[in-house]
Amino acid sequence: MRKRPLLTLKPREGRRARAGAPWIFSNELVMSAEAKALVPGTLVDVAGDDGRDFGSGYFNPKSLIALRLLAREAGARIDASFFAARLTRALALRQALYDKPFYRLIHAEGDGLPGLTIDRFGDVLVVQITTAGMENLLTPLTMALEEVLAPATILLRNDTPSRALEGLDSYVRAQKGEPGRIALEENGSRYFADLGQGQKTGWYYDQRDNRAFIAGLARGKTVLDAFSYSGGFGIAAAKGGAKEVICLDSSAPALALAEDSASANQVSIRAVKADVFEELERLVAGKEVFDIVVADPPPFVKSKKDLEAGARAYRKLARLAGDVVAPGGLVLLASCSHNIPADRFAAQCAGGLMRGGRRATLIRSAGAGPDHPVHPMLPESAYLKALVYALD
Ligand code: SAH
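Residues numbered from 1 in each chain as written. Predicted model: local features only at pLDDT ≥ 70, side-chain atom pairs only at ≥ 80, totals over all residues. Heavy atoms only, no water.

1. What to know about the sheet that holds strand β2 (residues 23–24)
Reasoning step 1: Here we have 5 strands laid out as an open sheet, ordered β1-β3-β4-β5-β2, and mixed in their pairing. Looking along the sheet, the strands with just one partner apiece sit at the ends: β1 (6–8) and β2.
Reasoning step 2: As paired elements, β1 and strand β3 (residues 42–47) share 3 bridges and run parallel to each other. Bridge pairing in β3 places Thr 8 opposite Ala 47. (Pairing = 2+ DSSP bridges. Helix = DSSP H or I, 4+ residues; strand = E, 2+ residues; numbered from the N terminus.)

2. Thoughts on the layout of surface pockets
Reasoning step 1: Roughly 280 Å³ of internal volume is contained in the second largest pocket.
Reasoning step 2: Residue lining of the second largest pocket: 17 residues in total, with Arg 86, Glu 109, Asp 111, Gly 112 and His 375 positioned closest to the centre.
Reasoning step 3: Only β5 (67–71) and α3 (80–97) provide two or more residues apiece to the lining of the second largest pocket.
Reasoning step 4: Looking at the lining of the second largest pocket element by element, the count peaks at 3 residues for β5.
Reasoning step 5: Looking at side-chain class alone, the lining of the second largest pocket contains 8 nonpolar, 4 polar and 5 charged residues. (1 Å grid on protein atoms, 1.4 Å probe; cavity = no way out; pocket = protein on both sides within 12 Å on 5 of 7 lines; lining within 4 Å. Points joined across faces, edges and corners; volume = space filled by probe spheres on them. Nonpolar A, V, L, I, M, F, W, Y, C, P; charged D, E, K, R; others polar.)

3. Some thoughts on the side chain of His 372
Reasoning step 1: Summarising the element assignment, His 372 is placed in the loop between β18 (360–366) and β19 (385–391).
Reasoning step 2: Among the polar contacts listed, one links the side chain of His 372 to the side chain of Asp 371, at a separation of 3.0 Å.
Reasoning step 3: Setting aside chain neighbours within four positions, we find His 372 in contact with Arg 104, His 107, Tyr 205, Asp 206 and Tyr 383. (Polar contact = N/O pair within 3.5 Å; in protein donor to acceptor, adjacent residues only side chain to side chain. Contact = heavy atoms within 4.5 Å.)

4. What to know about helix α5 (residues 138–149)
Reasoning step 1: Taking 1.5 Å per residue as the helical rise, α5 with its 12 residues ought to reach 16 Å, and the 16 Å between its terminal C-alpha atoms agrees with that figure.
Reasoning step 2: Those residues of α5 not exposed but buried are Leu 138, Pro 140, Leu 141, Thr 142, Ala 144, Leu 145 and Leu 149.
Reasoning step 3: Just past α5, the residue Ala 150 takes up positive phi, approximately 40°. (Expected span 1.5 Å × (residues − 1). Buried < 20%, exposed > 50% of the residue type's maximum accessible area, 1.4 Å probe, protein only.)

5. Things to note about the packing of aromatic side chains
Reasoning step 1: Overall, the coordinates contain 9 aromatic pairs when judged by the stated rule.
Reasoning step 2: On the numbers, 6.0 Å between centres and 20° between planes, the contact of Tyr 98 with Tyr 103 is stacked. Here the two residues Tyr 98 and Tyr 103 agree in accessibility, since each one is buried.
Reasoning step 3: With centroids separated by 5.1 Å and ring planes inclined at 85°, the aromatic side chains of Tyr 314 and Phe 345 adopt a geometry described as edge-to-face. Remark: Phe 345 occurs in helix α11 (residues 342–355) and Tyr 314 occurs in helix α10 (residues 307–323); sequence separation between them is 31 residues. Comparing Tyr 314 with Phe 345 shows no difference in burial state: the two are buried. (Phe/Tyr/Trp six-rings, centres within 6.5 Å; stacked < 30°, edge-to-face > 60°.)

6. Comments concerning the pattern of salt bridges
Reasoning step 1: According to the stated counting rule, one finds 17 salt bridges in the structure shown.
Reasoning step 2: In this structure, Asp 111 engages Arg 94 in a salt bridge whose closest nitrogen and oxygen atoms are separated by 2.7 Å. Pair noted here: Asp 111 is in the loop between β6 (102–107) and β7 (116–121) and Arg 94 is in helix α3, with a separation of 17 residues, a long-range link.
Reasoning step 3: Taking relative accessible area as the criterion, Asp 111 reaches 4% and is therefore assigned buried. (Salt bridge = Lys/Arg side-chain N within 4 Å of Asp/Glu carboxyl O.)

7. A short note on the side chain of Gln 128
Reasoning step 1: Structurally, Gln 128 is set in strand β8 (residues 124–129).
Reasoning step 2: By relative accessible area, Gln 128 is classed as buried at 8%.
Reasoning step 3: Reaching out from Gln 128, the side chain makes a polar contact with the backbone oxygen of Arg 157 at a distance of 3.2 Å.

8. A look at the domain arrangement of the protein
Reasoning step 1: Structurally, the protein comprises domain 1 (6–71), domain 2 (80–179) and domain 3 (184–391).
Reasoning step 2: Domain 2 puts 21 residues into the contact, and the matching count from domain 3 is 19 residues.
Reasoning step 3: When domain 2 packs against domain 3, the two sides together hide about 1,800 Å² of surface, and 61% of this comes from carbon and sulfur.
Reasoning step 4: For domain 2, the biggest contributors to the area lost against domain 3 are Phe 102, Phe 121 and Arg 157; these three give 28% of the whole.
Reasoning step 5: Glu 185 is the salt-bridge partner of Lys 100, the closest N and O atoms lying 3.0 Å from each other.
Reasoning step 6: Where domain 2 meets domain 3, there are 8 residue pairs in polar contact (both at pLDDT 80 or more).
Reasoning step 7: Counting only elements with at least two residues in the side of domain 2 that touches domain 3, the list comes to α3, β6, β7, β8 and β9 (153–158).
Reasoning step 8: Sort the elements by how many residues they give to the side of domain 2 that touches domain 3 and β6 lands first, with 4 residues.
Reasoning step 9: The class makeup of the residues in the side of domain 2 that touches domain 3 is 10 nonpolar, 3 polar and 8 charged. (Domains from an automatic or database assignment. Buried area = accessible area lost by both parts, 1.4 Å probe.)

9. Description of the site of the ligand
Reasoning step 1: Among the 16 residues in the neighbourhood of the ligand, the closest are listed as Arg 211, Phe 227, Asp 249, Asp 275 and Asp 296.
Reasoning step 2: Between a nitrogen atom of the ligand and a main-chain N or O atom of Phe 227, the distance comes to 2.9 Å.
Reasoning step 3: One of the side-chain nitrogen or oxygen atoms of Asp 275 is found 2.8 Å away from a nitrogen atom of the ligand.
Reasoning step 4: A per-class count over the shell around the ligand returns 7 nonpolar, 5 polar and 4 charged. (Near = heavy atom within 4 Å.)

10. Brief notes about empty space enclosed by the protein
Reasoning step 1: For the structure shown, the criterion picks out 1 cavity of 30 Å³ or more.
Reasoning step 2: What the largest cavity holds in volume is close to 30 Å³.
Reasoning step 3: Ala 318, Arg 319, Gly 322, Asp 323, Gly 352, Leu 353, Gly 356, Arg 358 and Leu 391 together form the lining of the largest cavity.
Reasoning step 4: Looking at the lining of the largest cavity, the element that brings in the most residues is α10, giving 4 residues.

Structural data, given as structure tokens:
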């Protein structure tokens, strides 16, 4: 095999990588003219300034996270068998966790495959690639998926905005089979997703355990599932015996899937298409309350510069959501923004709930389920926050 380009760390740089992190930043590397000229996504070896081997990875001279390590030894073969080994390991973890084939199969660095997310819906795989390095490896990845899972359908959902930062175009394409509407099962409930049209990969597996928690408290209760998407929380609550469930979202196609899901589970929900903030104001004005309120919005802090505005939106949502919780009820407040730290989000939620003049206690503080593993040196990649408060 032809030798790969060798990049070196600057003296005394790469502290995080030395400690085991899979990222090396551009300011930590010797950016020679040759390095700068490398095509984004080139496979490289990397060494310390003392010549110590750091491993193999892919490099993008245009990206702040310039190097993402794939293996801890130089010259590691990054081929179909490399991917098959990582996939097999990731699959074994999911099979130990779940008895049905519906889960996040690959969660990027958490599964040793930076730049790659794969959600599994039975024999349908939805693949999302966010880096030039991973995009270049699509062929060996596809070969390994065939070998390990032989899926009927592979959909490339490569339309995340972050791809632009890596110089990648945006596209959605079936690599194999015909993606369309699919059914999935989670916590014993049946749901639907429309893979070509839906948001992100079509389903948010990350809230699985939080949905089960809410479902377990829902018997005989009234539930408002705000930002419901296709009914993840609402259907679970209805199956858990809730006496009334409203799914509230601005997306008509998402609500239509929630209604189909209700029928498939032989429960009933009321789907309301409205802006959550406006609808909450209306409910507050009408003094309508619910025993359980879930508010799981889209990310309000899309980038670091949005932090203050996004934080204010989380606080406002907490206040409004708290205002429609019945005495003795519960509210779940969630954030899927990478860019707001957990303690700041909790402070915003507390501030919003206190503004309403209610006594609140935090009864659960959780994140994504275990099919979203976090690399221990990248705690910031644990993006999901879900806080449950009991109100007096
Ligand atoms: N809770 C869901 C995931 C929510 S994703 C689950 O468990 O699967 C965020 C949802 O918020 C999307 O469905 C989107 O259509 C909806 N949304 C975004 N902005 C909204 C707004 N202002 N009012 C109502 N819904 C909104």
